[in-house]
Amino acid sequence: MAGTPSGTGAAAVRMTGAVKVFGAVRAVDGVDLEIARGETVALLGRNGAGKSTAISLLLGLDEPDEGTVRLFGAAPEHAVRAGRVGAMLQDGRPVPRVTVGELVGFVARTYPSPMPAGEALALAGIAELAGRRFDRLSGGQAQRVRFAVALVGNPALIVLDEPTAALDVEARYAFWDSMRSYARHGHTVLFSTHYLEEADANADRIVVVDHGRIVADGTGEQLRRAAGGSLVAFDLAGTAFDLAGAGTDGLSLLPGVVSLEVRGERARLRTDDPDATVIALAERGAIRGLEVAPASLDDAFLALTATASDAAPATASGAASDPVARLAPLETV
Ligand SMILES: Nc1ncnc2c1ncn2[C@@H]1O[C@H](COP(=O)(O)OP(=O)(O)OP(=O)(O)O)[C@@H](O)[C@H]1O
């Protein structure tokens, strides 16, 4: 069996230089990711970013073309066989004729120290579905059964690929409550999502993936700061920047300004030093309708992934320029 001994000190997840290529697409393009035991980490990225592929490598469902993956210091297959990992994946064919209780009970028996099936069903908020056939459930109900399946083995690491994709708002809240309570017991959680708010609200750390690469890694607050911490907006009318549109270029040269957007008479500046930007605007008499607001996580996500998308697309024949380099301060915060 490959891997170092799974001593108590080994990280729950350690991915080093992982690459997975499908034809011309580098779905995972040199990922280094370490997750400590007890951490809850969100893998955030848009469609096709490489989240599911990274999760497949992590669970040993697929082999990396380059690099290594270790769970608790050992090969993923070893950790999975030892019952240390529970997973909730996006697809999964409904098993015909089996009831929810039978399915969860069956999975429980494959783990060395499972929780009672009823407890997993209760945690997933579906105790009342125990006697129902799994292949006759709604999409959201089936999703919650998958969550119970992931939990029932009482695994040290739980990996959830877009766990709330099919859930309505109420089920979503219930899901995150259960997930957080599971994490509070010292378990490690990795989940993928498109939803920034979910990542921010439920993860200790957000890892943003784009074009198969990690473009940012930090708390929601660190992501906001790395992408340009604040937005400053003001009315252009009557200022030195309102000379038939010719003066607005100068705005991007003001201290702290990272980017500039002009809509009609209103200018919006993204800045990583809002105080300096506002002082510079005041000195130029540009304070009409002045507003300063922290950048939202949406703003940060768009800025972070635009960084990677503006670079050449990553293909099997040539890597994109390194977007992480531009975010170096984030990784050292
Ligand atoms: N088996 C495969 N064969 C060919 N291409 C694949 C395969 N699996 C994934 N890809 C490609 O790899 C890239 C990453 O896909 P992946 O499913 O990992 O993204 P994702 O971030 O999980 O996306 P989504 O949020 O839409 O689920 C995409 O371009 C996808 O089309």
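- In the annotation of an unreviewed UniProt entry, the entry for the protein reads Sulfate ABC transporter ATP-binding protein, and the organism field reads Streptomyces dioscori.
- Recorded in UniProt for the protein, the comment headed Subcellular location (unreviewed entry) runs: "Cell membrane".

### A look at helix α3 (residues 100-108)
- Residues of α3 that are buried include every one of V100, L103, V104, G105, V107 and A108, and no others.
- On its buried side, α3 packs onto α4 (117-123) and α5 (139-152).

### Topic: the nonpolar core
- Among the nonpolar cores identified, the biggest contains 50 residues, and V104, V145, F147, L160 and V208 are the most heavily contacted of them.
- Counting contributing residues, this core receives three or more from each of domain 1 (13-217) and domain 3 (298-332).
- With sequence-adjacent residues up to four places away left out, V145 is seen in contact with V100, L103, V104, I126, F134 and L137.
- Core analysis: the next-biggest nonpolar cluster, separate from the first, contains 27 residues, I35, V69, V85 and L157 among them.

### Brief notes about the confidence of the model for the protein
- Residue-level pLDDT values for the protein average 84, and 86% of them are 70 or greater.
- Every residue in residues 1-6 is under pLDDT 50, and counting partners more than four places away or in other chains gives 15 contacts.
- Note that pLDDT drops below 50 for residues 308-333; the model gives that stretch 45 contacts with residues more than four away or on any other chain.

### Quick notes on the pairing of strand β12 (residues 266-271)
- In this structure, strand β10 (residues 230-235) lies alongside β12, joined through 6 bridges in antiparallel fashion. Within the sheet, the bridge partner assigned to L231 lies in β12 and is R270.
- Relative to β12, strand β11 (residues 257-263) runs antiparallel, the two being bridged by 6 bridges. The residue bridging R263 from the neighbouring strand is R266, located in β12.
- Remark: 2 residues form the turn of the hairpin made by β11 and β12, two consecutive strands paired antiparallel; G264 in that turn has positive phi of roughly 60°.

### Some words on the environment of E291
- Assignment of secondary structure puts E291 in strand β13 (residues 291-294).
- Considered as a pair, E291 and L231 are 60 residues apart in the sequence and their alpha carbons are 7.9 Å apart.
- Discounting chain neighbours no more than four positions away, the residues touching E291 are L231, V232, A233 and R266.
- Within the local environment of E291, its side chain forms a polar contact with the side chain of R266, the two groups lying 2.8 Å apart.

### Digging into the packing of α5 against helix α6 (residues 169-184)
- Viewed as axis vectors pointing N to C, α5 and α6 meet at an angle of 5°, and their least axial separation amounts to 12 Å. With respect to their mutual orientation, α5 and α6 come out roughly parallel. Of the residues in α6, those touching α5 at R144, F147 and L151 are A171, F175, S178, M179 and Y182.
- Its residues assigned to classes, the contact of α5 with α6 comprises 6 nonpolar, 1 polar and 1 charged.

### A word on the site of the ligand
- In the neighbourhood of the ligand, 14 residues make up the surrounding shell, with G48, K51, S52, T53 and H194 lying closest.
- At 2.9 Å from an oxygen atom of the ligand is found a main-chain nitrogen or oxygen belonging to G50.
- In the environment of the ligand, an oxygen atom lies 2.5 Å from a nitrogen or oxygen atom belonging to the side chain of T53.
- Looking at the shell around the ligand, the elements with two or more residues in it are β2 (25-35) and α1 (51-58).
- Here the shell around the ligand takes 3 residues from α1, the largest share from any one element.
- When its residues are assigned to classes, the shell around the ligand shows 4 nonpolar, 7 polar and 3 charged.

Here is what the cut-offs are and how they apply
- Each chain carries its own residue numbering, running from 1 in the written order of its sequence.
- Two thresholds apply to this predicted model, a pLDDT of at least 70 for residue-level local features and 80 or more for giving and counting side-chain atom pairs, whereas whole-chain, interface and lining totals are computed over all residues.
- As a rule here, side-chain values cover all heavy atoms of the structure and leave hydrogens and water aside.
- UniProt positions are given in the numbering used here, feature names are shortened, and annotations may be inferred rather than shown by experiment.
- Only protein chains enter the accessibility calculation, which uses a 1.4 Å probe; a residue whose area is less than 20% of its type maximum is buried, one above 50% is exposed, and one in between is partly exposed.
- Strands are runs of DSSP state E lasting at least two residues, helices are runs of H or I lasting at least four, and both sets are numbered from the N terminus onward.
- Only heavy atoms enter the contact rule, under which two residues are in contact if any of them lie within 4.5 Å.
- Here, nonpolar core means buried Ala, Val, Leu, Ile, Met, Phe, Trp, Tyr and Cys residues that are tied together by side-chain atoms lying within 4.5 Å of each other.
- For each domain, the first and last residues come from an automatic or database assignment.
- Values of pLDDT, which run from 0 to 100, indicate the predictor's confidence residue by residue.
- Whether two strands pair depends on DSSP finding at least two bridges between them.
- We call two N or O atoms a polar contact when they sit within 3.5 Å, provided that within protein one can donate a hydrogen and the other can accept it, with sequence-adjacent residues counted only if both atoms are side-chain atoms.
- As a rule, the C-alpha atoms of each element are fitted with a line to give its axis, helices using only the stretch in contact, and angles between N-to-C directions run from 0 to 180 degrees.
- Any angle that is under 35 degrees is reported as roughly parallel, and any over 145 degrees as roughly antiparallel; angles of 65 to 115 degrees are reported as roughly perpendicular and all others as oblique.
- The classification used treats Ala, Val, Leu, Ile, Met, Phe, Trp, Tyr, Cys and Pro as nonpolar, Asp, Glu, Lys and Arg as charged, and all other residues, Gly among them, as polar.
- If a single non-hydrogen atom of a residue is within 4 Å of a molecule or strand, that residue counts as near it.

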